[in-house]
Amino acid sequence: MTIAAMECMLRMYEEHYDLEDYQSGVPRWCTGCGDNAILAAVQRLCRDENLRPEKTVFVSGIGCSSRFPHYMKTYGFHGIHGRALPVAEGIKMARPDLTVFVNTGDGDCCSIGAAHWIHAIRYNMNLTVMLHDNQIYGLTKMQASPTSPKGLKSNTTPRGAYLDALQPLTVTLGVQNVSFVAQAVDWIPEVLYDIIMAAYRHKGLSFIRIIQRCPEWLPDRFEPWIQDPQRVLLLNHELGITVSPKLAKVYKNQEQHDPSNLNRAREIASDLDPIPVGILYRNSEIPCYEELRNAGQLRSTKLIQSGLDAEFDKFTVWPNETVGLQPAA
Ligand SMILES: Cc1ncc(C[n+]2csc(CCOP(=O)(O)OP(=O)(O)O)c2C)c(N)n1
Ligand code: SF4
Ligand SMILES: [Mg+2]
């Protein structure tokens, strides 16, 4: 074998990643927490797409779900409550060559971070956003979130939540420049994986609302839907996701939904029961903000270096030239 062939084989070997190459630490989530299923699907995706760990970033806010970057052996930023999206946008703006994922909770995204969420949809940067929606503040021990169902008793709503829940899908589908909206549930891992994969491959901001179980604070919340597959509406389409025949036998309630149909997507999103699962909307024609601003140009190493030098030089205390050097005594 020639040296060139050996080098080529070595590179192929080095550039092949296994699941362990993306796994970091032991997740501290509760047993049965839906975040575990989301993590498993994402690690599988990274392995299957052979994502280079040093070119991949996970950004989160604060919450149980926002611990996500700790469990990925990639770059990560466990950020500030509600600010996952602007941090991710900053990263993508400076380094459009990186693959950037965002993990955010229903409190993080739809409460304190709601303004960032709306503007991120409009900016349509090439990010994969996973909303871990357990309909409760998990980390801080059971306060109502905007997506908590009406009547839910929690530590902040002891008489039951007064308002109808905010619907993340209808909100997202109403924003200018929306380009990808999907819904998944943590208890159908095959579809969860397919949806995250489709979102990752979409160019533009892909928003996935993942209905996520929190057995600690809302133990039976989704049990009626888990026990009755008829209460899940699978969106099956060649332009969306196609479900396996095995799964189709269990989840018989299906709709052939063309994800380019925005009006139908909005109607589907408004029907809460059965829970729609699949890709509601996809439009690859919407321009990404980072391309409009950077015109696809990566900043050169030299440019980055000179920018950093300029920043550091701001704090330099220069010797007073008028004093000059005193001759040694
Ligand atoms: C500025 C600020 N306000 C409030 C908090 C307290 N806090 C931490 S996590 C959290 C809510 C988390 O809920 P969610 O985003 O739904 O995540 P989950 O824990 O359910 O995954 C709150 C209110 C904080 N850390 N920072
Ligand atoms: S409190 Fe709920 S959301 Fe947090 S780790 Fe436990 S089950 Fe998951
Ligand atoms: Mg939550």
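Structure shown above.
Given the structure is predicted, the values throughout are model-derived calculations rather than measurements. (Residues numbered from 1 in each chain as written. Chains lettered and ligands numbered in written order. Predicted model: local features only at pLDDT ≥ 70, side-chain atom pairs only at ≥ 80, totals over all residues. Heavy atoms only, no water.)

With that out of the way, let us pick up the site of ligand 2. Taken together, Trp29, Cys30, Cys33, Cys64, Asn134, Gln212, Cys214, Pro215, Glu216 and Trp217 form the complete shell of residues around ligand 2. Of the residues that constitute the shell around ligand 2, the class distribution is 7 nonpolar, 2 polar and 1 charged. (Near = heavy atom within 4 Å. Nonpolar A, V, L, I, M, F, W, Y, C, P; charged D, E, K, R; others polar.)

Moving on, we get to the packing of aromatic side chains. According to the stated counting rule, one finds 9 aromatic pairs in the structure shown. Aromatic side chains Trp29 and Tyr71 sit 4.9 Å apart centroid to centroid with 80° between the ring planes, which places their arrangement in the edge-to-face category. Here the residue Trp29 occupies a position in the loop between helix H1 (3-14) and helix H2 (34-48), and Tyr71 occupies one in the loop between strand E1 (56-60) and strand E2 (75-78), the gap between them amounting to 42 residues. A single burial state applies to Trp29 and to Tyr71, both of which are buried. Three or more aromatic residues link up through ring pairs in this structure, and these residues are Trp29, Phe58, Phe68, Tyr71, Phe101 and Tyr200. (Phe/Tyr/Trp six-rings, centres within 6.5 Å; stacked < 30°, edge-to-face > 60°. Helix = DSSP H or I, 4+ residues; strand = E, 2+ residues; numbered from the N terminus. Buried < 20%, exposed > 50% of the residue type's maximum accessible area, 1.4 Å probe, protein only.)

What follows is about the coordination of the magnesium ion (ligand 3). Of the protein atoms, only Asp106 (OD), Asn134 (OD1) and Ile136 (O) coordinate the magnesium ion (ligand 3), at distances of 2.1 to 2.2 Å. Here the donor residues of the magnesium ion (ligand 3) are spaced in sequence according to D-x27-N-x1-I. Residue Asp106 is found in helix H4 (residues 106-112), and its partner Asn134 is found in the loop between strand E4 (128-133) and helix H6 (168-173); the two are separated by 28 residues along the sequence. Using a relative accessible area of 7% as the deciding quantity, one classes Asn134 as buried. (Donors = N, O, S within 2.8 Å, 3.2 Å for Na, K, Ca; no water.)

Here we take up a nonpolar patch on the surface. Nonpolar side chains collect at one region of the surface, where Ile304, Leu308 and Phe312 lie side by side and expose about 290 Å² of accessible area between them. Tracing the backbone shows Ile304 in helix H12 (residues 301-313). Residue class for Ile304 comes out partly exposed when judged on its relative accessible area of 33%. (Patch = residues over 30% accessible without salt bridge, like charges linked within 9 Å, V, L, I, M, F, W, Y side chains within 5 Å. Areas by Shrake-Rupley, 256 points an atom, 1.4 Å probe, with all protein chains shown as cover. Salt bridge = Lys/Arg side-chain N within 4 Å of Asp/Glu carboxyl O.)

So, about the nonpolar core. Formed by 45 residues in total, the largest nonpolar core has its most connected members in Val42, Trp187, Val191 and Ile208. The dominant element in this core, judged by the number of residues it contributes, is helix H7 (residues 189-201), at 8 residues. Once residues lying within four places of it in the same chain are set aside, the contact partners of Ile208 are Thr128, Val129, Met130, Leu131, Ala182, Ala184, Ile195, Ile196 and Ala199. In this structure, Val100, Leu127, Val129 and Leu131 belong to the second largest nonpolar core, which totals 31 residues. (Core = buried A, V, L, I, M, F, W, Y, C linked by side-chain atoms within 4.5 Å. Contact = heavy atoms within 4.5 Å.)

All told, the structure shown has 0 disulfides when counted by the stated rule. Not engaged in a disulfide, the cysteine Cys110 finds its nearest cysteine sulfur in Cys109; these two sulfurs lie 4.3 Å apart. (Disulfide = S-S within 2.5 Å.)

Closest axis-to-axis distance for the helix H3 (residues 84-94)/helix H5 (residues 114-123) pair is 9 Å, and the angle between their directions is 30°. In this structure, H3 uses Leu85, Pro86 and Glu89 to contact H5, whose residues at the interface are His116, Trp117, Ala120 and Tyr123. A breakdown of the residues in the contact of H3 with H5 according to their chemical character gives 5 nonpolar, 1 polar and 1 charged. (Axes fitted to C-alpha atoms, helices over the stretch in contact; angles between N-to-C directions.)

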